[in-house]
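These are the residues of each chain, in order.
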Amino acid sequence: MKEETKLIQNILSDPLTGAISTPIYQTSTYVQESPGVHKGFDYTRTNNPTRKILEKLITDLEKGYASLAFSSGLASVDAVLKLLEFGDEIVAVDDIYGGTFRLLNLYKKLGIHTHFVDTTYAENVISILTPKIKMVWLESPTNPTLKISDIKYISENAKKVNPNILIVVDNTFATPALQNPLSLEADIVIHSATKYLAGHSDVLAGLITVKNADLFEQLKYIQNATGGILSPIDCWLTIRGCQTLYLRIKKQSDNAFKIATFLSEDKKNTCIDKVYYPGLSKHKNHIIAVKQQLYFGGIVSFSLKDDTIEAAKKVVTSTKLFKLAESLGGTKSLICHPATMTHKSTPLEVRRNAGIQDSLIRLSFGIENEEDLMEDIDQALKH
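> What should I look at first to understand the pattern of salt bridges in this one?
One side chain can pair with another of opposite charge once the charged atoms of both are near each other. Scanning all chains against the criterion turns up 17 salt bridges. The salt bridge partner of R51 is E55, with a shortest N-O separation of 3.6 Å. With R51 and E55 both in helix α2 (residues 49-62) and 4 residues apart, this pair spans about one turn of that helix. A relative accessible area of 8% places E55 in the buried class. Between D118 and K284 there is a salt bridge whose closest N-O contact spans 3.5 Å. Note that D118 is positioned in the loop between β3 (113-117) and α5 (122-126) and K284 in the loop between β8 (272-276) and α10 (286-292), a separation of 166 residues in sequence. Residue classification places D118 among the buried positions, given a relative accessible area of 15%. Here the salt bridges share partners, and the residues they tie into one network are E3, K6 and K63.

> I tried to follow the sheet that holds β3 on my own but got confused; where do I start?
The strands making up a sheet associate through hydrogen bonds between their backbones, and the pairing can be parallel or antiparallel. Taking strand neighbours across the sheet as the criterion, the 7 strands line up as β1-β7-β6-β5-β4-β2-β3 in an open arrangement whose pairing is mixed. Only two strands of the sheet have a single neighbouring strand rather than two, namely β1 (66-70) and β3. Between one strand and the next, the sheet's axes are offset by a mean angle of 20 degrees, whatever the strand orientation. Where strand β4 (residues 133-139) and strand β5 (residues 166-170) come together, 5 bridges link them in parallel fashion. Across the sheet, the residue bridging to E139 is D170, located in β5. Contacts between helix α6 (residues 151-161) and the sheet are confined to β4 and β5, with β5 contributing the most and set at about 160 degrees to the helix. Packed onto the sheet, helix α7 (residues 213-226) meets β1, β5, β6 (188-192) and β7 (206-210) and runs at close to 20 degrees relative to β1.

Calculation rules
- Residues numbered from 1 in each chain as written.
- Predicted model: local features only at pLDDT ≥ 70, side-chain atom pairs only at ≥ 80, totals over all residues.
- Heavy atoms only, no water.
- Salt bridge = Lys/Arg side-chain N within 4 Å of Asp/Glu carboxyl O.
- Helix = DSSP H or I, 4+ residues; strand = E, 2+ residues; numbered from the N terminus.
- Buried < 20%, exposed > 50% of the residue type's maximum accessible area, 1.4 Å probe, protein only.
- Pairing = 2+ DSSP bridges.
- Axes fitted to C-alpha atoms, helices over the stretch in contact; angles between N-to-C directions.
- Contact = heavy atoms within 4.5 Å.

Laid out in structure tokens, this is it:
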């Protein structure tokens, strides 16, 4: 079967009733026949039938060993960081999601230091590895400048230096419909399922998929101990959203490619400085993206020649179809100004060193008609 068919057919009908939609097991506890003797469920923090179906679904999509569902993307990030101990170090992509950057700063207070490097140059990672560095943290594409890292090359060469190093990939922007990091030798894949997987801007969710039993047992213990689990209703919403993933991501990628091309080629829009989209041949990581991804995703970022916050605010408040909001990956197109929104907590110097200009604007494409979206961006740029 093709992947689209597998996705739908792997969500089985309910064996008890024949219901074609996954049941929502909205329960906190389960009746036991005798102490410790039950039907595989004793308390919903530990396990839940609806959550189990979602976890199996993402495991199949990511071609992994097992998965865990958390209350948000950052809850899943936090669980992975809890695999580390005092004195351990991380190498992370410099253009990292602002929430992850904030969390890594908290772990710095707990004795876990992070080295931020441009991971699009693999040697930046490999050359600084020491016995203390226990984890490499990648986003590909990154948020918000859409850098692409060669996941397989970094994974294979990092493990030559340290066979026990963990390669973690935040796959939120690409989704398993576009790339499978575990098949590229990564160890752990993270998703903010709030975005493309749930896909309708109506749920917060985080997912982790791992490549082996040992990692699963460690993270399952952390999840049960800390309690950041996804509720049954939110599991159901995420399952429902996942069923249209391939349809949505294809349309969103098509919209993004057409408008990225328009923005990069339209000589009338002289206010635009740079356009960031891995589907463009002039993107510095285009060749890696072609090798690594099926499509190029539904996010486009661009900066202005007037590289000021004021200029960016003028554009992001002038759109009519693109709604000014944080988050991404839903059916409605969104526009965002990272410097004052998603990456506001990232220090100015760190932002600029990572290539996040004051005027950088991020577009998240929905499933609307591309001509309507193009006209909306065009008129906003002319304000």
